[in-house]
Structures are given as C-alpha cells and as structure tokens.
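So you can see what is in the structure, the chains are spelled out below.
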Amino acid sequence: MNALSPDSAGVHAAVPAIPRHYGRWWNPLSLLFGPIFVKEMLASGRRRTTFAIRTVFLLVLGTVLLLSLSGTADRAAGSAAEAQRLSSLASDFAAAVGWITFVGLSLLAAIMTAGAIPEERSARTMASLFSTPLTAGQMVFGKLAARIAQLVLLALATIPALLFLRLLGGVELTHILAFAAATFSTVFFTASVALFLSMWTPRVASAAVLASIVSLAVQLGPAFVLSILQARAGGPPAGLAYTVYASPALSVVAATNPSEFRMLGVDGGVAWAVASSLVGGMGMLVATLAAATLRRVALAEPRKARRGARRQRHPARILSPSAEQQHGAANAAAAPTVTRRGSREVWDNPVLWRELRRPLAASKLVLGLFIAIGAGFVALVYWRTTMRDQDMHYLVAYAGAVLQYLIAATITPSAVASERERRTWEVLLSTPIPARRIIFAKFLGHIPRLLVIPGLLGLHFAAAAAQRVMPPISLAHIVLVLLAWSLATAATGIMFSVAVRSTLSAMLCNIGLWAAAWVGLPLVLAAVLAPWDAPILNRAVLLLNPFYLLGQAISGGWEFGGGNPAYVRDASSELYTLVGRRWSTNAFSLLLLLSIGVAAAFAAAAMWAAVRLVPRTLRKAG
C-alpha cells in the first residue's frame, strides 16, 4: 500500500524536506566540476595566453637548468667527484625549480583569478548566470577549479624532471612533497582571495595586486613580526616554531634545512603539512565567503546603476573653453549663465580629464585593505626599530619598491584593454581627438597613482636625513630611481595594452618583460660571461636594475651620512659600490642620472610604439 502508517507519517511530518539544490554544496563533483568548470576550461584552452604562459614557464625552467649546469661545469672530474657533482646539481636544480614554481604560480594565481568576475561583468553575462539553476557555490568553486587546474598543469610539467633528478641523488621525496603541498595550498588561498576581491572591484589590477599583498603577508607576516621582536630581544623568540607552522614558505625552508630548525624546536617533516593545511583551510573559508556573498553583490549592481541613472537624469552642463565660446555672439555672451546642480568643467583634453578624475582605488573595500596592511607594516617597523637600524631601511625600501613596480606593471595594462572589453575603444577613436593624445592621456592619468609610494618613501628617508643617518642626496637617489623605472614600467604597460586584446595577457606580458630584464638577464649574463672578464657589460646590465641601485644607494648613503662613523664622509670618498668597483658620491649620482635617462628612453620608445599600434587595433576591429 502507498498510504503511510501513522508512525511513519509523523516522522515525515517532523523532518522537513531538504531542497534538492542544497545537495550540490555537499557533492564535490557537482560543486567543482560543473558546467562553469567545463566552460572555463574550454575557453582558457583556446586562448593564446595559456600557450604563452606554458612556453615561458618551460623556458624559465630550461634557463635555470642551464645555469645550474654552468655553475658545476668547472668542478673536478673522477668517479666520486662526478657523483658528488651530479648530486649537488640535482639538489640545486630541484630547489630552484621548487621556489620558481612556488613564487610564479602564486603570482599567476592572483592575476588569472582576479578577472573571473570582471570578465562576466564586461561580457554582461552575470544576470544570465543567475537565471540558470546553478548555485553561487557552483559558480565560485567552478571558476576557482578551472583557474587552478591551469596552474596545476604548469606544476605537473616539473614532476618528470624532479623525479628524474631523484635518480641522481641529493633530492629527497619529502622535499618534493613539501614544495608541492606549500605551492598548491598557497595557490588556492591566493586564488580565493583574488576572486573574492574581484567581486567588489571592477578593476582586475586592484584585485590582483591586493591578493598578492595578502598572500605575501600571510607567508611572511609572522616571520616579519618575530624578526622585529628578535632584533630587540637579541636572540630567537620563543614563538618561532609557531611562525614556521603558520607559513608554507618557512615550512619548506624548515623541511629542506632540518638541522638548522631542529635546535629551535621545529620539526621540518611536520611543519609543511600543518602550514599547508592551515593556509588551505583559510582559502576554503574565503571561497565559501565569496560564494555566500556573490548573489548579494550581483543583485546590488542594478541598484547602483539605477542610482547613477537618477543622478544623470539632468545632464551636467559642460563648460569648455573652446573657440566657439570665446568668440560667440554678443547676445550669447550677454545671456545669463544657468549652472545646473552637479555641473563640472571639462578640459580641452577630455580623456586626460576623465583619467585624472578616477579614484585611486576602485572600491572602498580595496582601499581599506590597502590602508590596513600598510598601516600595520609601518606600525611594526617603527615600533621595534630605530633610524639607526640599517636593515630597517633595506626592508622599507625593498618592500616599497616591490609594491610600486607591481602596481605599475598591473594598472596600466588595463588602460586600453578595458576600453576594448567595454566596447568603447572604437567609439573613442572615432572622436576628433588624435591617437597620440589619447595614449598620452592614458599614461599621464595613471601617474598620480604612482606617486603615493615614492612620496611615503621620501618621508621616511627625509626623517633619516633629519637625524643625520643618511645624507639628503640619498633621498633624491632612492626616490628618482624608483619613480623613473616605475614610469618606464607603466609606459610598457600602455604599449602591451594596445598590442594585446586581453587585460590579463597585457599584465602577464608586462610583468614577464621586466622580470626577464631585472632577474633573468643578470643571471644569464653572469653564467655566460663567467669564463670571461666583462665588468663593463655586467655594470651596464645592473645599471638598469632599480633593485640593485636601491641597495647600493642605501649602503653608500649609510656610510656617507653617519650610520657608519668609520668612513670619511665627503663627496670625494668612494663609498658606493657597483660590480666590485668603488664610486664617489658625485660619480654615483651621474650613474643614476644615466640610469634615469635610459628609463626615460624606454618610456618614450614604449609610448611611440603604442601610438603606432593604434591603427592596427582599428583594422582588427574592422
């Protein structure tokens, strides 16, 4: 019989029916590998960016292998010596591959995932997604799984090489597992943060930069705090073990160097598993929060659009000093001027006017996180250190330089690519404004965003000069080098933004160009030119490296300004070092001016190339 008994009817009445779509949260196959995952994988598999990333990644690994081979080629021969040489080569190459994979995939996770939600907004498919039976969890975790799957394929390309190196000896399986666990957990956490931030900001660059900063803070934040405490205590603090267990990067260091951490009470074989589980759990919490708030954010966007439409219901009166207004009729000049509420003046260059009026941050959430992280960093630095601490100046300068160049390399690639994605680039080029004015307006409009960090570093080193720790000339050295090469980085970003259609592709091209110039080229030349003495070429390459110049400016300024009283402090003292040679303050200043001139030449060439590439974008659109 189909009728329910009284007892069974009472049980069914007491237990409410569970909606069918709730089960999708508990089914990992439906949650991760649903229609969104299939769609994202098919779309990413057809992009040129995917093949370019894989090619560049394999080229980097090949370059590292060649550098490792060149570094061990001059060792002694013989059976025992040969086995030791191969074992050392395998160990060095495995460590280099592990760290390159860890850093590279973490950065790629932030860049590739930051455009997940903005891509749907620009394609105007967000409303269509919510009209399907898919849940917000399937959308978020499907996009995460598709992005991470592309990065996993890159990581898997290194597995055969690492397993082959195990045959040579010197590479332990636990080291490979430690690198793999730390890399995948960090990638998942960084991708989750980038996707969550992309929901709240329309700019891909803001989400990518802030996700990278958050990931770096999680990795190095505890160690940074304890290192500052150690500087005051004069010895290792008691909480060092907990710091290693909370950071995947430090846990890998403990796993590969167990003897150095065992005396501090850290078990390297356990630290990487605990740290990876902790960071992976944090990534799961962030992804779950993104899934819980995605629908609310999507529903709030139409309300914002309606509020903006109500503000523009009475259009603002545009006041432009054009020739018609200056030489108009007498009656028009005598007529009273009626200014509507909210009217504003537009310059003769409306593109530059619009770019300069853009806010520094795309949303209050992004701006708040930037301020919170920056304030916490500054508070820790000035809380436990003084201006007499030379390492503190290195830390502040390099942290500011990394952040400055990361911002410069990611904000300008979206200048033209975002116009294409919004389908407004052709409309902008159809106006009477020349292409060169549009390109230069895009470049000049981003300069205010690039002045914040040099201004803050200028205040720091001005305080050091006021306490007579470093001379005022060091302030000019550091700020000018930082600003000049960041402007060159921004100019190449504009060039790639015109040359490449996608914002993601333009970002990757810009970051890859300067990573190769500042990291890859010096390493390759150092390995290739090792048998020959070519100091001039080495100095020329390092003269184009702002990180190297910043370090030399701080070390020389420290000796010249009073931080090291053992040196004679005058302009003729050779206190600055450049590739093994000492330079005076005046000579080093001339070298920095030469470096700034080269940076200006790079920027001018990139802007000229961007203007020349504009007609090609119209031909492609046609």
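Keep in mind that this is a model prediction, so the values were computed, not measured. (Residues numbered from 1 in each chain as written. Predicted model: local features only at pLDDT ≥ 70, side-chain atom pairs only at ≥ 80, totals over all residues. Heavy atoms only, no water.)

1. Considering the overall build of the protein chain
Each helix and strand in the protein chain was counted, giving 31 helices and 4 strands. Across the 622 residues in the protein chain, those meeting the buried criterion constitute 44%. Restricting to contacts in the protein chain with at least 6 residues of sequence separation, those with at least 24 account for 79%. (Helix = DSSP H or I, 4+ residues; strand = E, 2+ residues; numbered from the N terminus. Buried < 20%, exposed > 50% of the residue type's maximum accessible area, 1.4 Å probe, protein only. Contact = heavy atoms within 4.5 Å.)

2. A word on helix 26 (residues 452-466)
Here helix 26 contains 15 residues, and its C-alpha end-to-end distance of 21 Å stays within 8% of the 21 Å for a straight helix at 1.5 Å per residue. Those residues of helix 26 not exposed but buried are Ile453, Pro454, Leu457, Gly458, His460, Phe461, Ala464 and Ala465. Around the axis of helix 26, the buried residues are gathered within 165° of arc, so they sit on the same side. Along helix 26, the residues that are exposed and aim more than 90 degrees away from the buried face are Leu456, Leu459 and Ala466. Positive backbone phi, approximately 60°, marks arginine 468, located one or two places after helix 26. (Expected span 1.5 Å × (residues − 1). Arc of directions from axis to C-beta.)

3. Considering the confidence of the model for the protein chain
Per-chain confidence: the protein chain averages 76 in pLDDT, with 73% of residues scoring 70 or above. Mean pLDDT values over the elements of the protein chain span from 40, in helix 18 (residues 330-334), up to 91, in helix 27 (residues 472-499). (pLDDT = per-residue confidence, 0-100.)

4. Re the environment of leucine 483
With respect to the helices, strands and loops of the structure, leucine 483 is situated in helix 27. Separated by 32 residues in sequence, leucine 483 and leucine 451 have C-alpha atoms that sit 7.6 Å apart. When near neighbours in sequence (up to four residues on either side) are disregarded, leucine 483 contacts Leu450, Leu451 and Pro454.

5. Topic: the environment of arginine 612
Relative to the assigned elements, arginine 612 resides in helix 31 (residues 585-621). In the structure, arginine 612 is positioned 117 residues away from methionine 495 in sequence and 9.6 Å away in space, judged by C-alpha atoms.

6. Observations regarding the pattern of salt bridges
Opposite charge on two side chains makes pairing possible when the charged atoms of those side chains draw close. For the structure on display, the rule yields 10 salt bridges. Measuring nitrogen to oxygen at the nearest pair gives 2.7 Å for the salt bridge that ties glutamate 40 to lysine 143. Of this pair, glutamate 40 sits in helix 4 (residues 35-45) while lysine 143 sits in helix 9 (residues 136-156), placing them 103 residues apart in sequence. On the basis of relative accessible area, lysine 143 is assigned to the buried category, the value being 2%. The residue arginine 147 makes a salt bridge to glutamate 119 at a minimum N-O spacing of 3.1 Å. (Salt bridge = Lys/Arg side-chain N within 4 Å of Asp/Glu carboxyl O.)

7. Examining the packing of helix 21 (residues 390-411) against helix 26
Running from N to C, helix 21 and helix 26 cross one another at 165°; their axes reach a closest spacing of 10 Å. Regarding the angle of helix 21 to helix 26, the classification is roughly antiparallel. Seen from above, helix 21 lies across helix 26 with left-handed handedness. Seen from helix 21, the contacting residues are Met392, His393, Val396, Ala397, Gly400, Leu403, Gln404 and Ile407; seen from helix 26, they are Ile453, Pro454, Leu457, His460, Phe461 and Ala464. Partitioned by chemical class, the residues of the contact of helix 21 with helix 26 number 10 nonpolar, 4 polar and no charged. (Axes fitted to C-alpha atoms, helices over the stretch in contact; angles between N-to-C directions. Parallel < 35°, antiparallel > 145°, perpendicular 65-115°, else oblique. Left-handed = near helix turned anticlockwise from the far one by under 90°. Nonpolar A, V, L, I, M, F, W, Y, C, P; charged D, E, K, R; others polar.)

8. A closer look at the packing of aromatic side chains
Any pair of aromatic rings gets described here by the distance separating the centres and the angle formed by the planes. Evaluated as defined, the whole model comprises 13 aromatic pairs. Taking 5.4 Å as the distance between ring centres and 90° as the angle between the ring planes, the aromatic pair formed by tryptophan 99 and phenylalanine 179 counts as edge-to-face. Residue tryptophan 99 is located in helix 6 (residues 79-113), and its partner phenylalanine 179 is located in helix 11 (residues 173-198); the two are separated by 80 residues in the primary sequence. The partly exposed category is assigned to tryptophan 99, whose relative accessible area is 31%. Site record: aromatic cluster; members linked through ring pairs are Tyr405, Trp485, Trp514, Trp518, Phe547 and Phe602. The ring centre of phenylalanine 51 lies 6.0 Å from the NZ or CZ of arginine 54, which sits over that ring. (Phe/Tyr/Trp six-rings, centres within 6.5 Å; stacked < 30°, edge-to-face > 60°. Lys NZ or Arg CZ within 6 Å of the ring centre and 35° of its normal.)

9. Section: the packing of helix 9 against helix 11
At a closest axis distance of 10 Å, the pairing of helix 9 and helix 11 adopts a crossing angle of 140°. As judged from the angle between their axes, helix 9 and helix 11 are oblique. For helix 9 against helix 11, the interelement crossing comes out right-handed. Residues Val140, Lys143, Leu144, Ile148, Leu151, Val152 and Ala155 of helix 9 form the contact with helix 11, whose own contacting residues are Phe184, Val187, Phe188, Ala191, Ser192 and Leu195. Residue composition of the contact of helix 9 with helix 11, by class: 11 nonpolar, 1 polar and 1 charged.

10. Topic: unusual backbone geometry
It is generally the case that most residues other than glycine have a negative phi and that most peptide bonds are trans. Located in the positive-phi region is arginine 468, a residue other than glycine, with phi close to 60°. With respect to the secondary-structure elements, arginine 468 resides in the loop between helix 26 and helix 27.

11. Examining the environment of histidine 460
Looking at the element boundaries, histidine 460 is found in helix 26. Apart from residues lying up to four places away in sequence, histidine 460 is in contact with Tyr382, Met387, Met392, His393 and Val396. Polar side-chain contacts of histidine 460 include one of 3.0 Å to the side chain of histidine 393. (Polar contact = N/O pair within 3.5 Å; in protein donor to acceptor, adjacent residues only side chain to side chain.)

12. Structural notes on a nonpolar patch on the surface
On the surface, Leu153, Leu156, Ile159 and Leu163 cluster together into a nonpolar patch covering about 330 Å² of accessible area. Elements with a minimum of two residues in the nonpolar patch: helix 9 and helix 10 (159-168). Note that leucine 163 resides in helix 10. By relative accessible area, which is 45% here, leucine 163 ends up partly exposed. (Patch = residues over 30% accessible without salt bridge, like charges linked within 9 Å, V, L, I, M, F, W, Y side chains within 5 Å. Areas by Shrake-Rupley, 256 points an atom, 1.4 Å probe, with all protein chains shown as cover.)

13. Looking at the nonpolar core
Formed by 136 residues in total, the largest nonpolar core has its most connected members in Leu108, Leu151, Leu294, Trp425, Ile439 and Trp485. Apart from residues no more than four positions distant in its own chain, tryptophan 485 is found in contact with Tyr405, Trp514, Trp518, Leu544, Pro546, Ser595, Val598, Ala599 and Phe602. Judged by nonpolar contacts, the second largest core, of 5 residues, contains Phe102, Phe179, Ala182 and Ala249. (Core = buried A, V, L, I, M, F, W, Y, C linked by side-chain atoms within 4.5 Å.)

14. Brief notes about the side chain of threonine 503
Within the secondary structure, threonine 503 is located in helix 28 (residues 503-528). For threonine 503, a relative accessible area of 4% puts it in the buried group. Beyond its immediate sequence surroundings of up to four residues, threonine 503 is in contact with Val204, Pro413, Ser414, Ala417, Ser418 and Glu421.

15. Some words on the side chain of serine 486
Tracing the sequence through the fold places serine 486 in helix 27. Classification of serine 486 as buried rests on a relative accessible area of 0%. When near neighbours in sequence (up to four residues on either side) are disregarded, serine 486 contacts Gln404, Tyr405, Ala408 and Leu450.

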